[in-house]
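Coordinate inspection notes
In case you want the letters, here they are:
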Amino acid sequence: MRLERCVGIVQSLTNGLSEREANDALTANVCKGQQQHEEVCLGLFTLVLTEPSQAQRCYRDLTLVNRDGMNVVLVKINQILMEKFLKLQDVPRTQLVWLVRELVKSGVIGADGVVMTLLKQVAGGDISTKNLWLAESVLDILLEQKEWVLKSGMLIAMSVYTYLRLIVDHGVPNLLPLRQKEVDFCISMLREKFMECLIIGRDLVRLLQNVARIPEMELLWRDLLHNPQVLSPQFTGVLQLLTARTSRKFLACRLTPDMETKLLFMTSRVRFGQQKRYQDWFQRQYLSTAESQSLRCDLIRYICGVVHPSNEVLSSDILPRWAIIGWLLTTCTSNVAASNAKLALFYDWLFFNPEKDSIMNIEPAILVMHHSMKPHPAITATLLDFMCRIIPHFFPPLESQVRQGVFNSLNFIMEKRVLAHLAPLFDNPKLDRELRSMLRERFPEFCSSPSPPTEVKMEEAVSMGMDNHLLDKEEGCYDNTEAAFSDDEEEVSNKGKKREFRFHPIKEAVMEEPADITPWLDQLDDTMKEKVLQVQKTSDTETQCEVMQEIVDLILEEDFDSEQMSALASCLSELFKDHFRGDVLPEEITEESLEESVCKPVCLVFRNLVTMQEDNSGFSVLLDMLAELYQKQPKIGYHLLYYLKASKAANGKMSLYESFAQATALGDLHTCLMMDMKACQEDDVRLLCYLTPSIYSEFPDETLRSGELLNMIVAVIDSTQLQELMCHVMMGNLVMFRKDSVLNILIQSLDWETFEQYSTWQLFLAHSIPLETIIPILQHLKYKEHPEALSCLLLQLRREKPSEEMVKMVLSRPCHPEDQFTTSILRHWASKYDDTLGEHIKAQLIKNNNQPRKRQSLRSSSSKLAQLTLEQILEHLDNLRLSLSNTKNNFFTQTPILQALQHVQASCDEAHKMRFSDLFALAEEYEDSQSKPPKSRRKAPASSPRSRKGVAPPTNNEEESSSAVDQLIAGGGVS
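Read on for an overview of the structure. Owing to the predicted nature of the structure, the values given are computational and were not obtained by experimental measurement. (Residues numbered from 1 in each chain as written. Predicted model: local features only at pLDDT ≥ 70, side-chain atom pairs only at ≥ 80, totals over all residues. Heavy atoms only, no water.)

As for the overall build of the protein chain
Test applied: What counts as a helix is a DSSP run of H or I of at least four residues, what counts as a strand is a run of E of at least two, and both are numbered from the N terminus. Any pair of residues with heavy atoms lying within 4.5 Å of one another is described as a contacting pair. For accessible areas, the Shrake-Rupley method is used with a probe of radius 1.4 Å. Any residue's cover is judged against the shown protein chains and nothing else.
A tally of helices and strands in the protein chain yields 53 helices and two strands. In the protein chain, of all internal contacts separated by at least 6 residues, the share reaching a separation of at least 24 is 73%. Approximately 44,500 Å² of the protein chain is accessible, and the part contributed by carbon and sulfur atoms is 49%.

Now the structure itself:
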C-alpha cells in the first residue's frame, strides 16, 4: 500500500536522528522533486493518523516541509472522507478529525472544503455514539474557529443547513446539551450572516419550520415571517426564500457518500422489478431505527432535486425515481414522518416557476400518484388529499401564491407530456366522493375527462426535456410486500405486451447503427482525436488493438489532460459496443481459445494494468480511465474478471479487481462484485459458472458471508452446471460455504424457489462441513413452508449417528399430526443406533423434567424459535411408540428409556399421566419387573453394572430430587 511505503520512507530518513536533524533530512528530501515531496508529506500524514503520540511532532514537521500549501494532504483527506471513512478504525478516525482541527487552526487554504466534506459524513436519522461524536466534534471546530468560519460564505450556509437538520434528531433528554449547542450556533450564524444563509433557498424555510417550536428558534421564525429587515436590510420577506430553488449541493450534503452512492446505483443500474434486495439492504443499513424516520425527507429531497436521469435512462427499464419514493413513503411508521415526507415530495410544487424550476423536481410526485392508483389507491388518495390541503394551510398569507405554484406544476406536467390527461387521476372511481369533490373544486381545469378516457401512449410521448417512460412498467412494485413477487412473474403492460423482469437470454435482432462519437470528439486534444478516429475507421481487431495501445500510451504520458477522460471513455464505449455483445466464453475451452478471446482492444487496458506496479503513477490514471468506461459500459466489470481468470498474462493478479472496484463510483468491493456478477448472470450463465470458482477463492470475505452470490448462481444454473459445480467442490477447487456463515446462508435460502433450494443443499452436501454445524436450522423449519430443506435434512440425518445436539434439535420440532419428520428420523435411529438414541433421549427427558414448569412455558412462548419442552419430548416418544408398535424393535425395552420415563412419571401432574398413560405403562411394567425376584424378572437388554444400583424413592424435596437426577443421568434407576 502506498501510504505504508511513504511511512517507511519517512522512518528510514529520520531513524536515529534528533528532531532538528530529522527535519533537515526531510527538508532535503522534499527538495529533490515532486515525487519525494508527496512521499514525505503522505508519510507524515499517515503517522498523524496512526500514531497519536507522535501526531503533534509529525504535524509540525508537515507544516515545515510541505511546499504546496498542504494541497497533497487536503486531497488525500478528501479522498479518505469520500471513499474510506466508514472503514476507518477508531484511532485513525479520531486522529483525522484532530488533523482537520489543526488545519483549520493554521488557516490552511482549502480547509473549508475538507470541513464541508466532513460535515457530509454526519448522517441524519442516526443517534449512534460514533455519529454523535462526529457531529459534536465538527461543531466544536466551527465554534472554536468562528472568525475563520465567517470568512467562507459557503461553509456558513452548509453548516447551518447541516445543523438545522440535525437538531430534529437530537430531541431526546440525554442529547439536549448537544442540541442546545447546535441551536446556539445556528441562531448565531442566521442572525449575523443571514444573507450568506439566504443562498440555501426554499429548503431553509422547510428546515426552520421543523425546529420552530424551540424557544430561541421561535423568535427567529417570527422575525423571518413578520420582521425580515431585522435579519438583513436586503431581505424582503419569506417569499424571497420560497421562490429560490435550493441548490443541489445543499440537498446532497445531507446524504453520506455511501448513501449517495447506493441511491445513484439504484437509479442508474438496477432494473425495475429487481430492486427488492437493494431496498432491503438500504433499509437494514439506514432506515431500521425509530430515529431514522427523519432521514426519509433527506432522501426524497435528494431524489427529486439531485437525481435527474438522462432520457436514455428514463426510457429504459432502470428503476424509476417514483418507485423508490413510493417505497420510502410506504415505510414511514409515524404520522409526523409521513407528513414531512409528503411535504418533501411536494415542496418544489408550492412556488413552482416554469422559467426557473425544473420539470424533474415535480415529476416524481405526479408519477407516484399515477402508478399507485391501481395497486395502492390509498397512497394516491393520501397524496392528492395532501396536495389539496397544503394550499390553504402551508402559509395562509401566501395561499394565492401556493395555489398558483401547484397550478403551474400541473400545467407544466401536461405541457411536457409527463401525463397526457389528469382527469383519470383526479376523477377516478377508486377515490372517495369527498376527495373527488375537493379536487374538482380546487382544480376544475384539470378534471374535464377526455372522451374516451385514455392514458398517454408511448408513441405519443414527446421528448421535451424528458420522455414519458413509465407506462409500460410494472405497477405497485416499490414497497416491501409488492416487491416480493416471484422472479418469473409477468405483468401485462398497457399495450398488452408481456414484460419479464428476470431473464433476458434472447435478444431481439436490431439494426446496428454506426458508432456516433461526434458529441465527444471536440473535447479531445488533437493527438487523441486522431487516434480515436483511426479506431473508428478500421474494423480489423488487430489494427484496433495497436491503436488502442497507442491511446493507452498517450493516457500514461505526464502531460495527459485528465479533463478529457470522460469524453474519451464515451468514445471508446461507443466504438467497442460490439465487443460487449454475444458470448464471451469460447464454445470449446482450450488455452488457445481462451487467449484468443481476450485479444480485444478493451483488453489492452486490462493488460497494461496487469503489467504495472500499483505504486506506478500511471496505474491510478489507467484505473480512473477504466472507472470512467465502467460508468458508460457496466459490462466492463465482469469482462475484467474474465480477463483476470482467462489470460495467462494475468495469472495470480485477480486482486487487481479490488483496486478497480475501489476506483469506481461505487467505491466498494462487495457492491461492485455483486453488481458485476449479476450483470454476468443476466448475460451469460456459462461465463458465470466459469468465473464462480475463482470468485469464491479470491474474494472469500465478499462471497461467503452472505447468500447473495449463491442465490444468483442457483437461480439460473441447470442440472448439468450444478453437477459441474459439485465436482469443483469435491476436487477442492471451489469452497462455497464456511462454518461461520453456512447456517445463516441456509436460513436465507428458505425463501428461494424450489430448484434453487435443492441446488443449494446439493452444493452444501458436496462440502465436508459437519451436519451439527447447521442442525439448528431445524428450529426455523415449518413442515408446510419448508419441504425442500426438511427433505434434504432428513436424508442427511439418516446417514449420521445421532449426537446429543441432533436429538435435541429433532425433538424441539413442534408436534403436528401431518409432520412426520421427527418420528421418521427417530424410528430410523431407533433401529440402527438404539443404545445411543436411548441415552440421548434419557438425558433430554431428565434435563427438561428438572426445569420448573413455569419457566419452561415462558421460554417456549417468548421465543420465535421452537424450544424443547418435556411435553414435546413425550409427544414425540408416544408417536415413536405407535410407529414401532407393530414391529419387533426393542427400543422401548431399554433400561435408560424406562428409567427416565419412571422419573418423569413420578413428578408429572395427573393430566400428563392420563395423556401419556400408554407410554408410562411401559415404565410401570419395568418397575414391576424390577421388584420381582431375579428369576422371574422380565427379560430386558443387558445394562451396565451402574444401572443396577438402587436409588431412594422419589420425593418432593428439591435436594433429594436433584441427587436422584444426578444418579439417573449417571445410569441409575428409580425403584
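Now that the structure is up, let's keep going.
Side note on the nonpolar core
Here is the rule we go by: By nonpolar core is meant a set of buried Ala, Val, Leu, Ile, Met, Phe, Trp, Tyr and Cys residues that side-chain atoms within 4.5 Å join together. To sort residues, take the accessible area from a 1.4 Å probe on protein chains only and compare it with the maximum for the residue type: under 20% means buried, over 50% means exposed, and anything in between is partly exposed.
Membership of the largest hydrophobic core comes to 317 residues, with the highest contact counts inside it found for L164, W349, I366, F426 and Y657. Top contributing element to this core by residue count: helix 10 (residues 153-167), with ten residues. Filtering out sequence-adjacent residues up to four positions away, I366 remains in contact with W349, L410, I413, V418, L419, L422 and L425.

Some points on helix 22 (residues 335-346)
Operational definition: Multiplying one less than the number of residues by 1.5 Å gives the expected span of a helix.
Counted at 1.5 Å a residue, the expected span for helix 22 with its twelve residues is 16 Å, and the 17 Å between its end C-alpha atoms agrees. Among all positions in helix 22, only A337, A341, K342, L343, A344, L345 and F346 are buried.

Here's the deal with the packing of aromatic side chains
Which entries qualify depends on this criterion: Ring geometry is summarised as follows: Phe, Tyr and Trp rings, the Trp one being its six-membered ring, pair when their centres sit within 6.5 Å, and such pairs are stacked at plane angles under 30 degrees, edge-to-face over 60 and tilted between the two.
Per the stated rule, a full pass over the model turns up 24 aromatic pairs. Relative to Y278, the ring of F265 has its centre 5.3 Å away and its plane inclined at 70°; by these criteria the two rings are edge-to-face. Residue F265 is located in helix 17 (residues 257-269), and its partner Y278 is located in helix 18 (residues 276-286); the two are separated by 13 residues in the primary sequence. As far as the burial class goes, F265 and Y278 line up, both buried. Centre to centre, the rings of F282 and Y286 are 5.2 Å apart; their planes meet at 55°, and the pair counts as tilted.

Side note on the packing of helix 3 (residues 34-50) against helix 5 (residues 71-83)
Condition: Where helices are involved, their axes are fitted lines through C-alpha atoms of the stretch in contact, as for all axes, and angles between N-to-C directions lie from 0 to 180°. Any angle that falls under 35 degrees is termed roughly parallel, while one over 145 is termed roughly antiparallel, one within 65 to 115 roughly perpendicular, and all others oblique. Left-handed describes a crossing whose near helix is turned anticlockwise from the far helix by less than a right angle; the clockwise case is right-handed. Residue polarity is assigned by list, with Asp, Glu, Lys and Arg as charged and Ala, Val, Leu, Ile, Met, Phe, Trp, Tyr, Cys and Pro as nonpolar; anything else, Gly included, falls into the polar class.
Two numbers describe how helix 3 lies on helix 5: the axes approach to 10 Å, and their chain directions differ by 50°. In terms of orientation, helix 3 and helix 5 fall into the oblique class. Every pair of crossing elements has a handedness; the one defined by helix 3 and helix 5 is right-handed. In this structure, helix 3 uses H37, E38, C41, L42, F45 and L49 to contact helix 5, whose residues at the interface are V72, V73, K76, I77 and I80. Across the contact of helix 3 with helix 5, the residue classes tally to eight nonpolar, one polar and two charged.

Structural notes on the pattern of salt bridges
Which entries qualify depends on this criterion: The working definition used for a salt bridge is a side-chain nitrogen of Lys or Arg within 4 Å of a carboxyl oxygen of Asp or Glu.
Within the structure shown, the criterion is met by 45 salt bridges. The closest approach of N and O atoms between E260 and K120, which form a salt bridge, is 2.7 Å. Residue E260 is located in helix 17, and its partner K120 is located in helix 7 (residues 111-120); the two are separated by 140 residues in the primary sequence. On the accessibility criterion, K120 (10% relative accessible area) is buried.

Remarks on the side chain of K262
Tracing the backbone shows K262 in helix 17. In this structure K262 touches W281, F282 and T671, once residues within four positions along its chain are discounted.

Notes on the environment of L3
Here L3 shows up in helix 1 (residues 2-14). When its relative accessible area of 14% is taken as the criterion, L3 is described as buried. As a C-alpha pair, L3 and D615 span 612 residues in sequence and 9.9 Å in three-dimensional space. In contact with L3, other than residues within four places in its own chain, are L42, T46 and K76.

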